[in-house]
Structures are given as structure tokens and as C-alpha cells.
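Chain and residue survey
Okay, here's what each chain looks like letter by letter:
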Amino acid sequence: MLQTRDIIWGLLVIGCAAAIQVQITPAQGEISVGESKFFLCEVTGDAKDIDWYAPSGEKIVPGTPDLSVTRNDEATSTLIIYHASVDDAGNYKCVAKNGDQEAQTTVPVKIFQKIHFRNAPSPQEFNEGDDADIICDVDSSPPANIIWKHKSSRIQPAKDVRYAFLENGHLQIRSIKKTDEGPYTCEARVMARGEIDFRTMSVIVNVLPTIRARQSEVNATADIGSPALLACDADGFPEPTVTWAHNNVDLETGEKYSLNEDGSELIIKDVTKVDEGDYVCKAKNKAGEKTEEVSLNVFVQPKITFLNNQTASEFDEQVVLTCEASGDPTPTISWSFGNRVFTEGEQSIDRNVVVRSHARVSSLTLKNIQFTYAGQYLCTASNSIGQDNQHMHLEVRYTPKILGMVTVFTWEGNAANISCEVDAHPEASVVWFRDGFQLPANATNMKIYNTPPFSYLEITPESQSDFGSYNCTAANMMGSESKEFLLIQAVVPSSPEILQVEPFSSTAVVEFEEPESSGGVPIIKYRVQWRLAGREWTTKEYHVGDADMTTVAIVGLKPESNYEVKMSAINGKGEGESSLPGSFKTKPVQFSLTMTSSVPPSFAATSLPLREPSAPKLEGKPQNGGNVLKVKWTEQDDGGSPIKHYLVRYKATHVSDWKPEIRLPYSSEYVVLSGLDWDTEYLVYVVAENQQGRSIPGVLRYRTDVEPTSVPDKLNRGSGLGTGAIVGILIVIFFLLLVGVDVTCYFLNKCGLLMCIAVNFCGKAGPGAKSKDMEEGKAAFTKDESKEPIVEVRTEEEHTPNQEGRGPTEPNETTPLTEPEPAAAEAAPPVVNLLPSATLNSVTESVSTTQSSPASESTALTISTSSPTKATPASSPPKTAPHSSSIKSNPQPAVGALVDVSDTSNAVPPSTQTSVSVSPTLASADGPQSKSEPVKAPDSTQSTDLQVDGPTEDAPKAPCTDPTAPVHNDGKAVKDENGKSETEVKNATTEVKTVPNEAPQANGNESKA
């Protein structure tokens, strides 16, 4: 027993050792329809054959559709299922054999259907108001759950009863609207697998057409070959097609009818009375069709049948204009002339225009004919369907009327045109006269150009005689008329006035007031000069544009520096006087300081970065046309870095889009924006950019003018200056000539009205008056007492530099022999009117005499007066005199004349100096007449006027009641070049004596310095 049992156990052990084991990876499989998958069969132990069996039990052999078995090696085999279908589901078995030994295992394979949208068309169209069935057919295993969305929002039938989910998964919308149109999403979900997919479909709702006629009744004109337009507008979705029918006959494009592209407009050619009736407009689309009727009424358009031109003469009693017209309905006739309309039955206030109408005839009666009545008259006949217009011309013969500016300014050598505009009918001939003589058509400096209605006299003045009055005479068969024109000598403009200076770090804006006088001709530019204290002047010229200029910008300045600025105006004649200098100080450059912990404060303080420039200052000026704008800017603080360029943007305020940006160089000062819309507000930005970046924009708002609608008619034209104005101008010119002659006689011949006023009312003897009894200097006038000296008195209030530092002035016969102090030489006082004074601080007299020619005498007397209690502040800036005259030497010394300084009733104002120049009226027989020019006096703030070999002291006050009180000088004497005469110049005292005069005087005495 024991042996048998051992044998059985041994056989079992050997059998177990040789058993075969089979394993499939993966152990199970799920495959979607259409997908592919493989399974690996692994055998443990020796296996001769490894086979796969289908769920049907059939062995899978090579060539089986969509199934493949591959023996990889001795222990593995692979099963591949290609493009799985539902029929491929089941248990697949792998069997391993080795002789009598066999092992097998199975793997379950499940085949499922993924979500598949079998039918979900897009777009899906429905008619408005229908019950829409939106299709979405889905295949899936297990069946999918369908969710509908509209515009990303889930549709819930519980909230909107118009929606319903059908059993087949479709979405139903009851009475669909146009607002229901849009994208709809059909979303399918399989909860078991967590699978989801969706389709979006476009739903289109077609709308039944709506139709409306533009005019339910259309009036047309018959028998004139004009067409009639019938139109109707149709709306709907999709856009409907429009057709027309008349008397149940569809109309098509041809000889009689014409349709536009969409059929909305029907044109009936050559309308006749037969075309009258109802026309049907029909609109049709997918949703249906609609119709609308349009009635055509055919009438007869008005037509003017009679209207003739008329001729009249100025001041005729009346003229009647007649207009006849036909039409159905009966037309209404009206008249118009220029912008004025005359209707039936109208009568003007002055009763010179009367309109009367009867049936189809209208008459316009004009009384007391004026030349302004001439022109085109419009007769208009109108009724409910149209109108007819025709013009007629009223010709009025009248005498010439001369227009144009009566004054023209120019200067010698510059051509000027005097324009004589002649309004006349018939055309007039024009002739020019001067001083009663007719001017030739072509002369050396005069030319006449006749281009009706203008006649131009071109004059190039060669001398003062070419200026004056010129006569333009126009004549025709009705009469003649003359008009005087004045050619006036232009002068240089007066000086502008600097109002204020707005400084920045490297620029400054100078605001000034234009000159009071332009000299008669336009100012073309301004010359601006500026400098640092004590430096040379820098000059720049600024041209004047179309608009007025009131500001200029100075660039290239140094920060924190004191500057002086002055300016002058220039016209065609030349440059005028400079303005008084103005002073300003530029501002410091503004830096931004950045401090960091890594940089020591001392280092950071020396590394100040530059910054962006400040916004430019803008100024807008309209140009010719009204819709053109000139934007001018002024550079402000440049941030310490030069401006690279300017950027300009602009737009209308009611729109959002800007015009293309304009880039301008740094030297630009303005930009002209043209082509702007009329009556529109614009916003303009100007940005300055330097190396550091861009500034904030300078902003300007500007509204353009209203677009002009008409041109003024010749009725509104003026006739220039009236006869009274011309006579007034001539009287003023004649008066000015008389004054000039009287002033000339006063200074040259000691006669005239001014001479009488000076002697009888002012108590003065007039220029050059002599004293009959002179205690001193009598011998100088004994040779020829008929030659009286002229006394020229001028007062200087402003300091005038000596020819702007050009060096000392050459002395002449009026130059004091003593040299002024250096301070006085640098800043000479201005000249003001001489006022008699009771206190004279110092009197300086320079006398040069000659024995050979006592008649040619010239004396320069400079008297400096100042207040004894107040001194001129040293901080007062020097001022320049309006004129400076060069001083030339005279080889002939002169003998000093006596000057009356006895009037002492009024005190001289403080800080006032007086320059007195005396010259004879006639030249001596020995030589030409000597000329005297004023000499610049030293500054009134100095204690002395002149200095000889050293400083002098102030003269004490001397009572004016004692004319013989001596005033002692320092005792020094100065001789002239020839040594023939000697004048003592004393600082302490000067002898002043009173000499009686031959002629009776108001003050009764004359004094001599």
C-alpha cells in the first residue's frame, strides 16, 4: 500500500510541473464602434500551438475580416480587432496546446456606440408665426440625453411654454418670431461614460414682406416728354423682389417702362393722359407676398408763353414788365430780382414797385427808374405739379458812377495804382487829369490801363511834386462824372509798444501793441532785437501774415539771465523807430531729482536728468475763406533739451476719429488747416517732443464760420466817399499847407501868424530877436544887425547812448569846449521842452568866435536843471532819444548871441535838461550859412554838466531877481583852435546880465549867459 501511494504522489508532482497556464492582457475590453484594439495572450510553460477563437466559437484564422491573429514568439500571440462593430462584441478565447496538454482563458469584449449626430442640418429656415421643429437626430448606445441651448442659455420649457422637447429629441418653438432667430445648440450626453458632444445649428426666421408707397398719389406732367416716377419700398426677410402691374398686366423694362435693380422704382417714359390710373406694387419672398397701389394723376405743367426784354433811362416815370403763362391747374405768377421776391398784389413801401395779376397774366410796374433797377428779372409760373422760369433783362441807361478808394499811399520810387471803378451804361470812356491837364496814356513815370469797368493810373513818384490830387472823369451818352483821388506820401511806421514779456528757461514771448500809425502802407514785418546786458544786439525779423500779429517768440536764450528787448516795425517805406527797451529775466531750467539708496545723495544731486518740454501755447487765427485755420504756437519751457519736432492732430469734436498726424520740424511756428467743414467745432492738439519725450498737448478749440450762401448784389454796392467827405479832406490838406507855410515863415523870415502870437501873447521876441541896447557883446552885431539869430529850443528827457557805443562824436561849432565826465558821456539825457526856472544848478556856455566873419555866428548853450531836494534814482533804466544827429566840425568859429532866460515864473521839473541851439538866419557874404545842431547834454543826475581838467562842484542857488549876481567859476579858461577868442568857464559862478531890447517885450528884459 505504501509503495502505491508513493507512486501516485510522484506522478502528481511530475504532472503539476508540466502544466500550461494562459493569461490575456487586458483582461477585458470596451471598444467604441469604428475603433481598433489589440489583446495579448501570454502562455506559461511550453506550448506548441496558441489559437484564438471568436465569440461564435470559430477559430480565427488569417484572412478573417477586421480580425488579425499574430504569433509573436513561442509564448505570446496577439489578437487585433480592426474598426469594431456591434457584431464584434462577445467573449474571445485564447487556447494553448502542447501535445495532450491544453490551457485556455477568455476575455470579454464590449462594443458600444459613441454619440453620433445623424441629422442636424444648419441652417434651418422657418416662416415667422409658424410652429418650428428644429431637427437634431442623435445615435448612441446607450441612448443619449439631449439638452437644447439658445445663445449659450439652456432652454427650459417650464419657463417658456412656447418651447417643447419632442420624443425624437427635436425642439419645437410655437409661433416662432424674428427675435427667436440665431444659433441653437443640440447637446448630447451619455451619463454611463461621461461622454458629451454637441452641434450648433443656425435658425433663420423668414418674415412676410411689408410694402409701402413713397407717395400714394403721384402727379405727372403730360405731353412734354417728361417721365413719371412711381416708387414703393418693401421690407422683409429674405429681401423681397418687387414687381409692378397696371390693369392686371405685369410691367417689364422696355421702351415705355424702366425698372431699377430691385424693382422698387418704376419710371414711366413720355407720360401721356392715357398713363393715368392705379399701379400695383407687389413684393414677394419665401414667407409670402404683399401688394400696394399707387395712383398716377397726369396734369399739364405751367409754361411761360410771353416775356420780353425792356429798355428804360434813368429817372423815367415808369416801365411795365409783362409775363404770361399757361398750365393746368392755372399757374400762379411771381417776380423776383436778386434776393427779393414780388408776389401778386404786392406794393413796396415807397410805392415804386407794384405787381398786378389777372388770370394767366402778371405785370410788374417800376416807377421813378433808378440805375439800380437794371438787371435780370425772373418770372416764375407755378402750380401744384411744377413751375416754369424765364428771365428777362431790363436795360437802364444812366450816367457814370465812379467808385473806389480816394486815397492811395506810396513813396518816391515805388509804383502805386489809383483805381477808378466806373459803373455806367452804355460803357463810359475814362480820362485822367492833373491840375486841369489831361494825362497821357504813357509817360515816364505814369501809365494808364483801361480794363472796364476799371481804369488804373499807375504812378511811380519821382519827387514830392508827383503827390497830390488826380482827377478821374468818366463820360457816356447819358452824361459825365468826375472824382478826385489823392496820392499821399507814405512814411515809416511808428514804433510798436511792448506790453509785457513772458519769459521761460530758453524762450520768451513778447506781447506788443501794433504801431499807432502804419505810415499809410501795410506793415510787412517786425524787427526784434534782444541782448544780454552789455552784449551785442541779436536781431530777428518776423513777417506779418494775413492776420494781425501781437506776439513774437524769442528762442535760444540762456536760463536765469537778464535780457533787454526792443522792436521796430517795417513797411514798404522802411523801418520805423524802435520801441523803448524792455527788460526781463529768463527762468531756471526745471529738473526732476531722483534719489535711490544705491546712489549717495551728493552724487544724485549732481546727476539731474532732463525732462519733457512744456505744452506749447496755441493761438488760432482764421484765414481767407472761413474754413481755413492757421494754428500758431509759442514754444514754452523746452525741459533743458532742444525741441526735435512738433506733432499736430485735429478732429471735429462730434466725431471720434482723428485726422492723420502732422509732423513738423522744430523750426516751425504754425500750421494751416484747410478744407474744414463749415460751422463745425474742431479740437486741435499740438505736442512738442525733445530727446526726453513728448509734452502734454497744447489744446485749441475753434469753430469755423457758417458757409456763405449768396454774393451781395450790385444793389448793395457803395459809391465810395461822398462829395462832402472829399471837400472836407481837401480843406484839411489846404489848412495843413497854410500851417506849414506859416511855420516856415516864422523860422526863416520872422513873420507870419506864429510870429505875432509869440510877440503879443507869449511875451517872446521870436527866434533871432535882438536887444537894442546890449551892455556886452554889442560889437558882435554892429557889422550887420539885419542878420538875427534863430533860437532853437529842445528838451531831452531820455538818455541816448552815443551812437550805440560807436565812439566819440566829432566836435563842431556847437560842441562845448570842455569834455564831459565819463558817466555823462556814456548816458546822455533826453531832450525835453525848455521851461524857465528859478533855480539853475549849473550853466555851461560854449562860445566860439571869429573876427573875420562876425555875421556867421553860432552859439550852443546847454542848461542843466535839477531839483535841489530830489535826485534821480540810480536804478532808472536809460532811455534812448527819438532822434540823434551827427555832429560835424565847422572850420569857422561863431560868435555867441544873447538868449533870453529871464522868465522864471515856473520851476523846471526835476531831472530835466535843456539844449538851446542858436544860429543866424542868413549867411554872411564871406561864406555859407553856418548850421547848428543840438548837442547831447550829460545826465541830469550828475552834480556838474561839464568838467575841465578835473571835477567841479555844484553851483549854489542864485535868486532870479538879481540878474547881475556873479557866479564864480574855477577860473580855468579854454581857447579855440585859432586862439582868436577865449571863453572863461567857471564852475562856481557865471555872470548873467539883463539887456534891454529895442522891441517891447512882455517880460521887459533879456538876459545873456
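Residues numbered from 1 in each chain as written. Predicted model: local features only at pLDDT ≥ 70, side-chain atom pairs only at ≥ 80, totals over all residues. Heavy atoms only, no water.

Turning to the overall build of the protein, a few remarks are in order. Along the protein, the regular secondary structure elements total 5 helices and 65 strands. Counting over 1009 residues, the protein shows a buried share of 39%. For the protein, long-range pairs separated by at least 24 residues make up 65% of all intrachain contacts whose partners lie at least 6 apart in sequence. For the protein, the accessible area works out to roughly 55,400 Å², and carbon and sulfur atoms hold 51% of it. (Helix = DSSP H or I, 4+ residues; strand = E, 2+ residues; numbered from the N terminus. Buried < 20%, exposed > 50% of the residue type's maximum accessible area, 1.4 Å probe, protein only. Contact = heavy atoms within 4.5 Å. Areas by Shrake-Rupley, 256 points an atom, 1.4 Å probe, with all protein chains shown as cover.)

This next bit is on the packing of helix α3 (residues 723-748) against helix α4 (residues 753-760). Each pair of packed helices gets described by two things: the angle between the helix axes and the distance between those axes. Taken N-terminus to C-terminus, the directions of α3 and α4 make an angle of 60°; their axes are 7 Å apart at the nearest point. Considering their axes alone, α3 and α4 lie oblique with respect to each other. Listed contacts from α4 to Asp742, Val743 and Tyr746 of α3 are Leu753, Leu754, Met755 and Ala758. Per-class residue counts for the contact of α3 with α4 are 6 nonpolar, no polar and 1 charged. (Axes fitted to C-alpha atoms, helices over the stretch in contact; angles between N-to-C directions. Parallel < 35°, antiparallel > 145°, perpendicular 65-115°, else oblique. Nonpolar A, V, L, I, M, F, W, Y, C, P; charged D, E, K, R; others polar.)

Let us now look at the sheet that holds strand β42 (residues 479-489). On the basis of which strands lie adjacent, the open sheet formed by 5 strands has the order β35-β42-β41-β37-β38 and mixed pairing. What marks the edges here is a single partner per strand, and that holds for β35 (407-410) and β38 (437-438). Direction of pairing for strand β37 (residues 429-434) relative to strand β41 (residues 468-476): antiparallel, over a ladder of 5 bridges. Counterpart to Trp432 in the pairing with β41 is Cys472. (Pairing = 2+ DSSP bridges.)

There is a patch of like negative charges on the surface, built from Glu497, Glu513, Glu514, Glu516 and Asp548. Summarising the element assignment, Asp548 is placed in the loop between β46 (538-543) and β47 (551-554). (Patch = residues over 30% accessible without salt bridge, like charges linked within 9 Å, V, L, I, M, F, W, Y side chains within 5 Å. Salt bridge = Lys/Arg side-chain N within 4 Å of Asp/Glu carboxyl O. Lys, Arg positive; Asp, Glu negative; His and termini not counted. Charge placed at Lys NZ, Arg CZ, Asp CG, Glu CD.)

Our focus in this paragraph is the nonpolar core. By size, the foremost hydrophobic cluster in this structure holds 25 residues, and its most contacted members are Trp335, Leu364, Leu366 and Tyr377. Elements represented by at least two residues in this core include exactly β26 (288-307), β28 (318-328), β29 (332-337), β31 (353-358), β32 (361-367), β33 (375-383) and β34 (386-403). Ignoring any residue separated from it by four or fewer positions in sequence, one finds Leu364 in contact with Val319, Val320, Leu321, Trp335, Phe342, Val353, Val354, Val355 and Tyr377. Residues Ile24, Phe39, Ala47 and Ile50 belong to the second largest nonpolar core, which totals 23 residues. (Core = buried A, V, L, I, M, F, W, Y, C linked by side-chain atoms within 4.5 Å.)

Below, the discussion takes up the pattern of salt bridges. Opposite charge on two side chains makes pairing possible when the charged atoms of those side chains draw close. Summed over all chains, the structure comprises 28 salt bridges. Across the salt bridge formed by Lys256 and Asp275, the nearest N and O atoms sit 2.9 Å from each other. Placement of Lys256 in the loop between β22 (249-251) and β23 (257-259) and of Asp275 in the loop between β24 (265-268) and β25 (277-285) is noted, with a sequence separation of 19 residues between them. With a closest N to O distance of 3.3 Å, Glu689 and Arg694 form a salt bridge. Its relative accessible area of 14% is what places Glu689 among the buried residues. Given the relative accessible area of 44%, Arg694 is considered partly exposed.

The strand order across the open sheet built from 3 strands is β50-β51-β54, with neighbouring strands paired in antiparallel fashion. Either end of the sheet is taken by a strand with one partner, and the two such strands are β50 (617-622) and β54 (670-673). Mean inter-strand twist for the sheet, computed between neighbouring axes without regard to direction, equals 20°. Both strand β51 (residues 629-634) and β54 contribute to a ladder of 4 bridges, which runs antiparallel. Among the inter-strand pairings, Lys632 is bridged to a residue of β54, identified as Tyr670.

This next bit is on the packing of aromatic side chains. What the rule picks out here adds up to 10 aromatic pairs. With centroids separated by 4.9 Å and ring planes inclined at 45°, the aromatic side chains of Phe371 and Tyr398 adopt a geometry described as tilted. You can see Phe371 sitting in the loop between β32 and β33 and its partner Tyr398 sitting in strand β34, a full 27 residues away along the chain. Relative to Tyr682, the ring of Tyr650 lies with its centre 6.4 Å away and its plane at 50°, an arrangement referred to as tilted. Of this pair, Tyr650 sits in strand β52 (residues 645-652) while Tyr682 sits in strand β55 (residues 681-690), placing them 32 residues apart in sequence. Here Tyr650 and Tyr682 have matching classes, each one buried. Here Lys566 stacks its cationic end above the ring of Trp537, 4.5 Å away from the centre of that ring. In this structure, Lys651 packs its charged tip against the face of Trp658, placed 5.4 Å from the ring centre. (Phe/Tyr/Trp six-rings, centres within 6.5 Å; stacked < 30°, edge-to-face > 60°. Lys NZ or Arg CZ within 6 Å of the ring centre and 35° of its normal.)

Moving on, we get to the state of the cysteines. Inspection of every chain in the model, using the stated rule, returns 5 disulfides. Each sulfur of the disulfide joining Cys136 and Cys186 lies 2.0 Å from the other. Residues Cys136 and Cys186 are joined through a disulfide that is left-handed, its torsion about the S-S bond being -85°. Note that Cys136 is positioned in the loop between β11 (132-134) and β12 (137-139) and Cys186 in strand β17 (residues 182-190), a separation of 50 residues in sequence. In terms of burial, Cys136 and Cys186 fall into one category: buried. Each sulfur in the disulfide pair Cys420 and Cys472 lies 2.1 Å from the other. The sign of the S-S torsion, about -80°, decides the handedness of the disulfide formed by Cys420 and Cys472: left-handed. Residue Cys420 is located in strand β36 (residues 416-425), and its partner Cys472 is located in strand β41; the two are separated by 52 residues in the primary sequence. Taken N- to C-terminal, the disulfide-bonded cysteines of the protein are connected 1-2, 3-4, 5-6, 7-8, 9-10. (Disulfide = S-S within 2.5 Å.)

Before going further, it helps to examine unusual backbone geometry. In the segment running from Phe237 into Pro238, the intervening peptide bond is cis, with an omega of -5°. Position of Pro238 among the secondary structure elements: in the loop between β20 (228-237) and β21 (241-246). Along the chain, Pro452 connects to Pro453 via a cis peptide bond; the corresponding omega equals 10°. Mapped onto the elements, Pro453 comes out in the loop between β39 (446-451) and β40 (454-459). The phi dihedral of Ala359 falls on the positive side, at around 55°, and the residue is not glycine. Relative to the helices and strands, Ala359 resides in the loop between β31 and β32. Residue classification places Ala359 among the exposed positions, given a relative accessible area of 61%. Phi is positive for Glu560, close to 55°, though the residue is something other than glycine.

Before going further, it helps to spend a moment on the environment of Lys558. Counting through the fold element by element, Lys558 comes out in the loop between β47 and β48 (562-571). It is 5.5 Å that separates the C-alpha atoms of Lys558 and Ser506, two residues lying 52 residues apart in sequence. Among all residues touching Lys558, those that are not within four sequence positions of it are Ser505, Leu532, Tyr563 and Thr586.

Moving on to the side chain of Glu314. With respect to the element layout, Glu314 can be found in the loop between β27 (310-313) and β28. The residues contacting Glu314, other than those within four sequence positions of it, are Ile369, Gln370, Phe371, Val396, Arg397, Tyr398, Thr399 and Lys401.

With 26 residues, α3 should reach 38 Å at 1.5 Å per residue; the first-to-last C-alpha distance of 38 Å fits that figure. Of the positions making up α3, those classed as buried are Ile726, Asp742 and Tyr746. Buried residues in α3 make contact with β42 and α4. Remark: Lys750 follows α3 within two positions and exhibits a positive phi of approximately 55°. (Expected span 1.5 Å × (residues − 1).)

Further remarks concern the pairing of β40. The side-chain alternation of β40 yields one buried face, formed by Ser455, Leu457 and Ile459, and one unburied face, formed by Phe454, Tyr456 and Glu458. Judged from the 6 bridges that link them, β36 and β40 form a sheet pairing that is antiparallel. Residue Asn417 lies in a different strand from β40, and its bridge partner there is Glu458. Between β39 and β40, which pair antiparallel in sequence order, lie 2 residues.

Quick look at the side chain of Ser505 now. As for its placement among the helices and strands, Ser505 is situated in the loop between β43 (497-503) and β44 (508-513). If we ignore the near neighbours within four places in the chain, the residues touching Ser505 are Leu557, Lys558, Pro559, Thr586, Lys587, Pro588, Val589, Asp637 and Asp638.

Okay, a nonpolar patch on the surface next. Side chains of Val732, Phe735, Leu736 and Val739 sit close together on the surface and give an oily, nonpolar patch of about 380 Å² of accessible area. On the basis of relative accessibility, which here comes to 48%, the residue Val732 falls in the partly exposed class.

What follows concerns the confidence of the model for the protein. A low pLDDT score tells you not to read the predicted coordinates there in detail. Looking at the protein, pLDDT values average 74 and 70% of them are 70 or higher. Segment residues 592-608: pLDDT under 50, and 10 contacts once partners within four positions in sequence are set aside and those in other chains are kept. Overall, residues 710-719 carries pLDDT values under 50, and its contacts beyond four positions in sequence, including any with other chains, amount to 11 contacts. (pLDDT = per-residue confidence, 0-100.)

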